[in-house]
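Residues per chain are reported as follows:
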There are 2 protein chains.
Amino acid sequence: MYAVTMENPPALGKESIIDVQGSEGKSGSVLGPGDDAAVVAAPDGRVVVSTDVLVDGVHFRQDWSAPDDIGHRAAAASLADVAAMGAACTALVVGLAAPADLPLAFTLRLADGLRDEATLVGASLVGGDVVRSDLLTIAVTALGDLGGRDPVTRSGARPGDVVAVCGRLGWAQAGLTVLRRGFGSPRALVAAHRRPEPPYSAAVDAAMGGATSMIDISDGLVADLRHVAAASTVRIALNTAALGPDAPLVEIASAFGADPLEWVLGGGDDHAFVATFPQRSPLPDGFRVIGAVHAAQDSPDVIVDGAPWTGSSGHVHFGPG
Amino acid sequence: MYAVTMENPPALGKESIIDVQGSEGKSGSVLGPGDDAAVVAAPDGRVVVSTDVLVDGVHFRQDWSAPDDIGHRAAAASLADVAAMGAACTALVVGLAAPADLPLAFTLRLADGLRDEATLVGASLVGGDVVRSDLLTIAVTALGDLGGRDPVTRSGARPGDVVAVCGRLGWAQAGLTVLRRGFGSPRALVAAHRRPEPPYSAAVDAAMGGATSMIDISDGLVADLRHVAAASTVRIALNTAALGPDAPLVEIASAFGADPLEWVLGGGDDHAFVATFPQRSPLPDGFRVIGAVHAAQDSPDVIVDGAPWTGSSGHVHFGPG
């Protein structure tokens, strides 16, 4: 534990605001906030763990997102990573580096957002560390339980598999574009940027339904599938006819003179789940086929309608990154 | 996963430098870096988890600490928290927010420090997230396994117990004072600031030896024992005759006209372990008695030589915090 200072003891360190509103005893938490460390149930005998860092001005903007939105978004990023392994999320721990003049109400609402997103998947906010920093930075670590299943990795895709996706594609990026141009609507798209809605339970369904590989889409469909292609040493072929952008994307792209398919293929942060399944295997509810897995040619790659994709190769944030 | 940008893909995101030097297959790691999440063995069926955040200029200074020192220090902070529950550390995940102009060699050495400190306790660096930020910030989450034991919390101290400590007291704070005054020696004290040496195995020994409560000293002996007193609803009485500052502290305090006892009672960041044990219980190797637990008076408190302690009530960092 760090930085319990004399100037401002109640808001800093591990006896912090995260503890004050603690969630001891809930779901996976055996020993909640308030000690050196938390204790979380791991009935499987293994624990899945993933961490994500969000920086003010890089991954969110305080003028574009409310504090609870930022909390939801930060929690979703890590929870979706754990779900993408086919695990049920159990707990979150949060490191918060915050300016001295950040209002207490901001921190409380941020914690609310983190806690509420965790609750969506039955997980608890079990601990954290709050320190001073000139730059608001949020580090979220999520834990999960595999329930006796093998983890679904990026490396299991096999030639002949189908590629299927569950969740929104391009909505968060379209919402970010809207905000960048100074607009506050369409509200559905802006909301998709502020609070992604990963279909967490579908990821667990995919694991139970025989998915051979899975990843959550945080960088963009093509960029993330390139990770799968590389790890599995395969070619992944996408079919844009199956990727038809959703109506709100088509509408706003038309108004902006943009190509909605760029958002679908390149937009990150929706945390949809893309998985591969054996051919003719029944797909879990919510998954739709968008392509197929083939043997790798010269090197593993992702092709779109039979050709290399020349659009943006990955999600670019709006800050210094 | 966040922020794999087009500008600088190899150093960012979860396919990052942390993965490149991965530690897959070591000790507690079932599935190491390179996927959405890592999978870590949790044979106990519970997992201990703690997170700490270190910010450049608040918790370390690049002109006072080498990158590997910073890595050691960041890892030690979280590993000591897990050990203070009586758990064996199994894994680390790291979130690194780093300026675009941070040299790659810096990041590699930082990762070396994190990995080497983890190795000291048989744990692995199993994953992480690297993002862009104007301010170097390191968030370390440590996991541990209780081996079937109850966690040793802050709340189990009982009147009649003895208070015992294992590890250095005041060294890191004395080293920081030396650096602040522009000196680079005594080297042992400066080194204690740069790389604390928590006696990790002693913490597990304490748990197996019947410790009724335990905490790692990150904020200062008195400040951290106040957490124990509050959680256990007891008075903790320290005896300075048993706390005689170590020789290097006495020497430099004399040169600086400082009181070495201030460092012993108020200095943080050494990550010594202070625990309570039943009276007449044999103490584990390395622990020495420094006080006793009494029934709380008006409210739980810590007294020193029979009186309230009027020194610095907690460790104050050198930055904006």
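Residues numbered from 1 in each chain as written. Chains lettered and ligands numbered in written order. Predicted model: local features only at pLDDT ≥ 70, side-chain atom pairs only at ≥ 80, totals over all residues. Heavy atoms only, no water.

### Quick notes on the overall build of chain A
Across its full length, chain A carries nine helices and 13 strands. With 321 residues in all, chain A has 63% of them scored as buried. Contacts in chain A between residues far apart in sequence, at least 24 positions, make up 83% of those at least 6 positions apart. (Helix = DSSP H or I, 4+ residues; strand = E, 2+ residues; numbered from the N terminus. Buried < 20%, exposed > 50% of the residue type's maximum accessible area, 1.4 Å probe, protein only. Contact = heavy atoms within 4.5 Å.)

### Describing the environment of A123(B)
Residue and element names in this part refer to chain B. In this fold, A123 is placed in the loop between α3 (104-120) and β5 (124-132). A relative accessible area of 4% places A123 in the buried class. For the pair formed by A123 and S29, sequence separation is 94 residues and the distance between their alpha carbons is 8.3 Å.

### What about the sheet that holds strand β10 (residues 273-277) of chain B?
Across a sheet, strands are paired by hydrogen bonds formed along the backbone, either parallel or antiparallel in direction. Residues and elements named next belong to chain B. With mixed pairing, seven strands are arranged side by side in an open sheet as β8-β10-β7-β11-β9-β12-β13. Looking along the sheet, the strands with just one partner apiece sit at the ends: β8 (213-216) and β13 (307-308). Note: strand β9 (residues 234-238) against strand β11 (residues 288-295), five bridges, orientation antiparallel. Each bridged residue has a counterpart across the sheet, and for L238 the counterpart in β11 is G291. (Pairing = 2+ DSSP bridges.)

### Quick word on the packing of aromatic side chains
Geometrically, a pair of aromatic rings is defined through the distance of the ring centres and the angle of the planes. Residues and elements named next belong to chain B. As enumerated under the stated definition, the model contains four aromatic pairs over all chains in all. Centroid distance F277 to F287: 5.4 Å. Interplanar angle 75°. Geometry classified as edge-to-face. On the criterion of sequence distance, the pair formed by F277 in strand β10 and F287 in the loop between β10 and β11 is long-range, its members being 10 residues apart. Judged by relative accessible area, which is 0%, F277 ranks as buried. Taking the ring centre of W64 as reference, the NZ or CZ of R61 above it sits at 3.7 Å. Its end group placed over the ring of F256, R181 keeps NZ or CZ at 4.4 Å from the ring centre. (Phe/Tyr/Trp six-rings, centres within 6.5 Å; stacked < 30°, edge-to-face > 60°. Lys NZ or Arg CZ within 6 Å of the ring centre and 35° of its normal.)

### Observations regarding the sheet that holds strand β8 (residues 213-216) of chain A
All names here are of chain A. Spatial strand order, β8-β10-β7-β11-β9-β12-β13: seven strands in an open sheet with mixed pairing. The open sheet has two edge strands, β8 and β13 (307-308), and neither has a second partner. Bridge count between strand β7 (residues 162-166) and strand β10 (residues 273-277): five bridges; the pairing is antiparallel. By the bridge assignment, V165 is partnered in β10 with V274. With respect to the sheet, helix α7 (residues 221-232) is in contact with β7, β8, β9 (234-238), β10, β11 (288-295) and β12 (301-304), its orientation differing from that of β9 by roughly 150°. (Axes fitted to C-alpha atoms, helices over the stretch in contact; angles between N-to-C directions.)

### Looking at the pattern of salt bridges
Residues and elements named next belong to chain A. On inspection of all chains with the given rule, the structure shows 24 salt bridges over all chains. When the shortest N-O distance is used, the salt bridge between D44 and R46 registers 2.6 Å. Classification of R46 as buried rests on a relative accessible area of 18%. Taken together, the shared-partner salt bridges connect D68, D69, R109 and R195 into one network. (Salt bridge = Lys/Arg side-chain N within 4 Å of Asp/Glu carboxyl O.)

### Some thoughts on the nonpolar core
Core analysis: the biggest nonpolar cluster contains 51 residues, and I138(B) and F287(B) have the highest contact counts within it. If one sorts the elements of this core by residue count, helix α2 (residues 67-83) of chain B sits on top with eight residues. Residues in contact with I138(B), not counting those within four places in the same chain, are D52(B), V53(B), L54(B), F60(B), I70(B), A74(B), V94(B), G95(B), L96(B) and L110(B). Listed in part, the 50 residues of the second largest apolar core include L110(A), C166(A), F277(A) and L31(B). (Core = buried A, V, L, I, M, F, W, Y, C linked by side-chain atoms within 4.5 Å.)

### Focus on the side chain of T137(A)
All names here are of chain A. Relative to the helices and strands, T137 is located in strand β6 (residues 137-145). According to the relative accessible area criterion, T137 is buried, its value standing at 3%. One polar contact links the side chain of T137 to the main-chain carbonyl oxygen of L135, over a distance of 3.0 Å. (Polar contact = N/O pair within 3.5 Å; in protein donor to acceptor, adjacent residues only side chain to side chain.)

### Quick notes on the packing of α2(B) against α3(B)
Residues and elements named next belong to chain B. Direction vectors running N to C along α2 and α3 enclose 40°, while the axes themselves pass 7 Å from each other. In terms of their interaxial angle, α2 and α3 are classed as oblique. Crossing geometry of α2 relative to α3 is assigned as right-handed. For the pair formed by α2 and α3, the contact residues are P67, D68, I70, G71, H72, A74, A75, A76 and L79 on the first element and F106, R109, L110, G113, L114, D116, E117 and A118 on the second. Grouping the amino acids of the contact of α2 with α3 by side-chain chemistry returns 10 nonpolar, three polar and four charged. (Parallel < 35°, antiparallel > 145°, perpendicular 65-115°, else oblique. Left-handed = near helix turned anticlockwise from the far one by under 90°. Nonpolar A, V, L, I, M, F, W, Y, C, P; charged D, E, K, R; others polar.)

### Brief notes about the environment of E262(A)
Residue and element names in this part refer to chain A. As for its placement among the helices and strands, E262 is situated in helix α9 (residues 260-266). The exposure class of E262 is partly exposed, given its relative accessible area of 33%. Along the sequence, E262 and G311 sit 49 residues apart, while their C-alpha atoms lie 6.5 Å from each other.

### So, the confidence of the model for chain A
Residue and element names in this part refer to chain A. Mean pLDDT over chain A stands at 90; residues scoring 70 or higher make up 88%. For residues 1-11, every residue scores under 50 in pLDDT, and the model assigns this stretch 53 contacts once sequence neighbours within four places are set aside. pLDDT under 50 marks residues 19-26. Its contacts with residues more than four places away, or in other chains, come to 16 contacts. Note on the complex model: pTM 0.91, ipTM 0.91. (pLDDT = per-residue confidence, 0-100.)

### Notes on unusual backbone geometry
Here S185(A) and P186(A) are connected by a cis peptide whose omega angle stands at 10°. Phi is positive for D269(B), which is not a glycine, with a value near 75°. Tracing the backbone through its elements, the reader meets D269(B) in the loop between α9 (260-266) and β10. A residue is classified by how much of its surface remains accessible, and D269(B), at 4% relative accessible area, is buried.

### Focus on helix α7 (residues 221-232) of chain B
The periodicity of an α-helix, 3.6 residues per turn, causes residues three or four positions apart to be oriented the same way. All names here are of chain B. The first and last C-alpha atoms of α7 sit 16 Å apart over 12 residues, in line with the 16 Å expected at 1.5 Å per residue. Those residues of α7 not exposed but buried are L221, V222, A223, D224, L225, H227, V228, A229 and S232. Two residues or fewer after α7 comes T233, characterised by a positive phi angle close to 55°. (Expected span 1.5 Å × (residues − 1).)

### Focus: the side chain of R132(A)
The residue R132(A) is located in strand β5 (residues 124-132) in this model. A relative accessible area of 8% places R132(A) in the buried class.

### A closer look at the pairing of β7(A)
For β7(A), the buried fraction is high: five of the five residues fall into the buried class. Judged by which residues are buried, β7(A) turns out to be covered on both faces: V162(A), A164(A) and C166(A) on one side and V163(A) and V165(A) on the other are all buried.

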